[in-house]
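Residues per chain are reported as follows:
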Amino acid sequence: MTKALEKPPFLKSNGKRTTNQDGPAWTIQSCAEVLAPLLENDNSNTLAPSQLDAIRHLCFLSSSDSGHGESSKIVKHIQSNLNTLRDRRFRSKMAKFINDTLADCSAVGHGQKEKSLSESTYQDVLKTFGGQSAYRDAVQFQTRTNERKVIHLRKNRVSGVRINLLINDYKCGGTRDLSAGRVNQVWSHKYDLHQNCPPEWNALPAEAKTILAELLSWQNLSKWEFNIVEVANLTADPLLLVGWALLCEPMAQKAMNLSIGACVTKDAKSYDFSQFITIDPRAICNFLREIERKYKFENPYHNNIHAADVTQTTHCLFQLMDEKYLKRIWDPITIFSLLLSATFHDVGHPGTNNLFQEHAMTPLAIQYNDEAILENMHSAVGHNLLLGEDKREEWDIFANWAQSDKVNARKVMKASILGTDMSHHFTQVEELNSLIGKVRGEAEDISQDNTGADQLDNQDQPILSILAQNMESPDELEEYNQLVDLITKFLLHAADISNPAKTEDLVKYWADGALSEFFAQGDKEKEMGLPISPLCDRDTVKRQDSQIGFIKFVIQPSFDLLGEIIPGVKKVVVPRIGKSLEYWEREKLSMSMKGDV
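Residues numbered from 1 in each chain as written. Predicted model: local features only at pLDDT ≥ 70, side-chain atom pairs only at ≥ 80, totals over all residues. Heavy atoms only, no water.

### Brief notes about the overall build of the chain
Consideration 1: When you go through the chain residue by residue, the secondary structure sums to 28 helices and zero strands.
Consideration 2: Residue burial in the chain is summarised as follows: out of 597 residues, 52% are buried.
Consideration 3: Partitioning the intrachain contacts of the chain with sequence separation of at least 6 by distance along the chain shows that 73% fall at a separation of at least 24.
Consideration 4: For the chain, the computed accessible surface area is about 27500 Å², with 49% contributed by carbon and sulfur atoms. (Helix = DSSP H or I, 4+ residues; strand = E, 2+ residues; numbered from the N terminus. Buried < 20%, exposed > 50% of the residue type's maximum accessible area, 1.4 Å probe, protein only. Contact = heavy atoms within 4.5 Å. Areas by Shrake-Rupley, 256 points an atom, 1.4 Å probe, with all protein chains shown as cover.)

This is the structure in structure tokens:
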């Protein structure tokens, strides 16, 4: 049973602070000074009495008239310094004693002051060691104490680690039952410097880690037939793990293999962003975690799995390029920024499209004046976290980047996300096709001038080859840069609509998810008396016809054009589209023969 603590000498019956005649006058500052030695990497396994007293006084100070809430400052100071220590024993020791003291404090009487003291200090520590999101999860969980609500959380892909911690600490009485390891457990939701793996990875069963380490290898992530659903079946955090594996490679792959005791080998091909820009795996994982939480897991299509799929597909499109063209045309900042933008290109998607927003005159439609409503929202949410008012130190990916690099990164991310607006699809294709034709013609003129030949034909030469050969030409540089910007933006758009170009099982999986979401929107539009958006009426839209039309009028022309730019797309992706079209036509014929047309 926890022994109740006596009130420190500076707290009289009226709760006012006074000077301790037998020792120091305990203040926030004096607590900080006494606790400061904990930050030194000594070999002590115990706390001095004065240090334990300082922790106790710190807790009581949080409820005093002059010091209420100020305890968070010293806790943050301690935590920020502890982050620099590689020996986890000292961080754990600090967390344990703070937590034990909190439990003691909660047992001091039953008055309103003690209750306020315990809750206030608990909130300070939880917010500091676990982040604001950990505190928010804790508060939300207090209203979800029955089994049905817990199951609901699991179905919505809330992290299993987070759920288990919350269940253990809250279902039986909140702060009074705060376990001795609570602060340290919540703290572990941050990137683990010792193991170099995010906690979501560390919490996985050994078998799942082994399978995922293979799935998330550079080689597998670079395959067009990569199956994101396999990843989602093994983890509730597919976006975090895929994003970590790509943005932090090859460090991420090394960490995964070390965690399962596998051999660590370096892939021949790699972005290795850390050689060119500052890469902070902790910040990247914290950002990805925050972004993934903002996706609506209940959406059948526009969810975190889709975001992870688009991120991997964007990477794969880069890998379908000849490496010499990739490195000559795209700098590391552009590649990193495009992959990063893929992670939040649909963040916060409400499950209804822009037409619904416009017709219903939603707050989003009003805010963005009916122009690329959702795309503007997705971009704003991500950029607010990265660079705006929602930026936090724990996920500040660009903390050590030069200002010019931040500007360039934002330019790439903003343009690419806004470029996923389907209402501009045909304009984009036409503009890209026109510029490709112009560049081909100019390249042919240059080639003829250099060779003296008038019959030279460059129609079969990949656009990337032309760009790489002529990027240094001062006369054409502006035009070529314009084409590179268009291609960059189009890569994310192509990845976003690439589902019909995948393997048959994924083609069916994503088609069913998209139609389910569309039909739910159509039902809502009927209820609200709004015009029913295209492909959203479950009474008239046929599954097979919807996919055949989408492939013929959108997917095939887009990837045929992309194949002119990237030969690998023409070789690997375009044939898949043909197979998908054949599949849906067979399905239509089969349904027709059954009389269900």
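Read on for the rest.
### Topic: the packing of aromatic side chains
Consideration 1: In total, this model carries 12 aromatic pairs according to the counting rule given.
Consideration 2: Seen from their ring centres, Phe 318 and Trp 330 are 5.9 Å apart, and the 75° between their planes marks the pair as edge-to-face. Here Phe 318 is found in helix 16 (residues 304-319), whereas its partner Trp 330 is found in the loop between helix 17 (323-329) and helix 18 (332-343), with 12 residues between them in sequence. In terms of burial, Phe 318 and Trp 330 fall into one category: buried. (Phe/Tyr/Trp six-rings, centres within 6.5 Å; stacked < 30°, edge-to-face > 60°.)

### Some words on the side chain of Thr 352
Consideration 1: Mapped onto the secondary structure, Thr 352 falls in the loop between helix 18 and helix 19 (354-360).
Consideration 2: A relative accessible area of 6% means that Thr 352 is categorised as buried.
Consideration 3: Reaching out from Thr 352, the side chain makes a polar contact with the side chain of Gln 357 at a distance of 2.7 Å.
Consideration 4: If near-sequence neighbours (up to four positions away) are discounted, Thr 352 is found in contact with Gln 357, Leu 374, Gln 521 and Lys 524. (Polar contact = N/O pair within 3.5 Å; in protein donor to acceptor, adjacent residues only side chain to side chain.)

### Concerning the pattern of salt bridges
As a working rule, side chains carrying opposite charge can pair if their charged atoms are close by.
Consideration 1: Applying the stated criterion across every chain, the model contains 12 salt bridges.
Consideration 2: Salt-bridge contacts for Arg 440 lead to Glu 564; the nearest nitrogen and oxygen are separated by 3.8 Å. Residue Arg 440 is found in helix 23 (residues 425-451), and its partner Glu 564 is found in helix 27 (residues 543-565); the two are separated by 124 residues along the sequence.
Consideration 3: Arg 440 sits in the buried class, given a relative accessible area of 4%.
Consideration 4: Between Lys 508 and Glu 504 there is a salt bridge, with its nearest N and O atoms 3.9 Å apart. In this pair, Lys 508 and Glu 504 are both assigned in helix 26 (residues 504-528), four residues apart and thus about one turn of the helix distant.
Consideration 5: The partly exposed category is assigned to Lys 508, whose relative accessible area is 29%.
Consideration 6: By relative accessible area, which is 40% here, Glu 504 ends up partly exposed.
Consideration 7: Here the salt bridges share partners, and the residues they tie into one network are Lys 526, Asp 537 and Asp 539. (Salt bridge = Lys/Arg side-chain N within 4 Å of Asp/Glu carboxyl O.)

### Thoughts on the nonpolar core
Within soluble globular proteins, side chains that are nonpolar generally end up buried alongside one another.
Consideration 1: If you look at the biggest cluster of nonpolar residues, it comprises 115 residues, and the most contacted ones within it are Trp 244, Phe 287, Trp 330, Phe 336, Leu 340 and Leu 562.
Consideration 2: Here the element with the most residues in this core is helix 25 (residues 477-496); it accounts for 10 residues.
Consideration 3: Beyond its immediate stretch of four places on either side in the chain, Leu 562 contacts Leu 317, Phe 490, Leu 491, Ala 494 and Val 569.
Consideration 4: Judged by nonpolar contacts, the second largest core, of five residues, contains Ala 365, Tyr 368, Leu 374 and Met 377. (Core = buried A, V, L, I, M, F, W, Y, C linked by side-chain atoms within 4.5 Å.)

### Here's the deal with helix 24 (residues 463-470)
Consideration 1: Of all eight residues in helix 24, seven are buried; the element is thus mostly enclosed.
Consideration 2: Those residues of helix 24 lying buried are Ile 463, Leu 464, Ser 465, Ile 466, Leu 467, Ala 468 and Asn 470.

### Focus: the environment of Pro 300
Consideration 1: Looking at the secondary structure, you find Pro 300 in the loop between helix 15 (281-294) and helix 16.
Consideration 2: On a C-alpha basis, the gap between Pro 300 and Glu 517 in space is 5.7 Å, while along the polypeptide they are 217 residues apart.
Consideration 3: Aside from chain neighbours lying at most four places away, what touches Pro 300 is Gly 513, Ser 516 and Glu 517.

### Describing the layout of surface pockets
Empty space among the atoms becomes visible once a probe the size of a water molecule is rolled across them.
Consideration 1: What the largest pocket holds in volume is close to 1200 Å³.
Consideration 2: Lining the largest pocket are 44 residues, with His 302, Asn 353, Met 422, Phe 518 and Phe 550 sitting closest to its centre.
Consideration 3: Examining the composition of the lining of the largest pocket, we find that eight residues originate from one element, helix 26, more than from any other.
Consideration 4: Residue classes in the lining of the largest pocket are distributed as 21 nonpolar, 15 polar and eight charged. (1 Å grid on protein atoms, 1.4 Å probe; cavity = no way out; pocket = protein on both sides within 12 Å on 5 of 7 lines; lining within 4 Å. Points joined across faces, edges and corners; volume = space filled by probe spheres on them. Nonpolar A, V, L, I, M, F, W, Y, C, P; charged D, E, K, R; others polar.)

### Focus on the environment of Ile 277
Consideration 1: Of note, Ile 277 is situated in the loop between helix 14 (251-259) and helix 15.
Consideration 2: Residue class for Ile 277 comes out buried when judged on its relative accessible area of 9%.
Consideration 3: Note: C-alpha distance between Ile 277 and Ala 402 (125 residues apart in sequence) is 9.5 Å.
Consideration 4: When residues no more than four places from it in sequence are discounted, the contact partners of Ile 277 are Ile 333, Phe 336 and Trp 401.

### What to know about the packing of helix 26 against helix 27
Consideration 1: Where helix 26 meets helix 27, the axes come as close as 11 Å, and the angle between the chain directions of the two elements is 110°. Taken together, the axes of helix 26 and helix 27 are roughly perpendicular relative to one another. Only Arg 543, Ser 546 and Gln 547 of helix 27 make contact with helix 26, whose side of the interface consists of Lys 508, Ala 511, Asp 512 and Leu 515.
Consideration 2: When the residues that make up the contact of helix 26 with helix 27 are grouped by side-chain class, the tally is two nonpolar, two polar and three charged. (Axes fitted to C-alpha atoms, helices over the stretch in contact; angles between N-to-C directions. Parallel < 35°, antiparallel > 145°, perpendicular 65-115°, else oblique.)

### Topic: the environment of Lys 552
Consideration 1: By the element assignment, Lys 552 lies in helix 27.
Consideration 2: Ignoring any residue separated from it by four or fewer positions in sequence, one finds Lys 552 in contact with Pro 557, Leu 581 and Glu 585.

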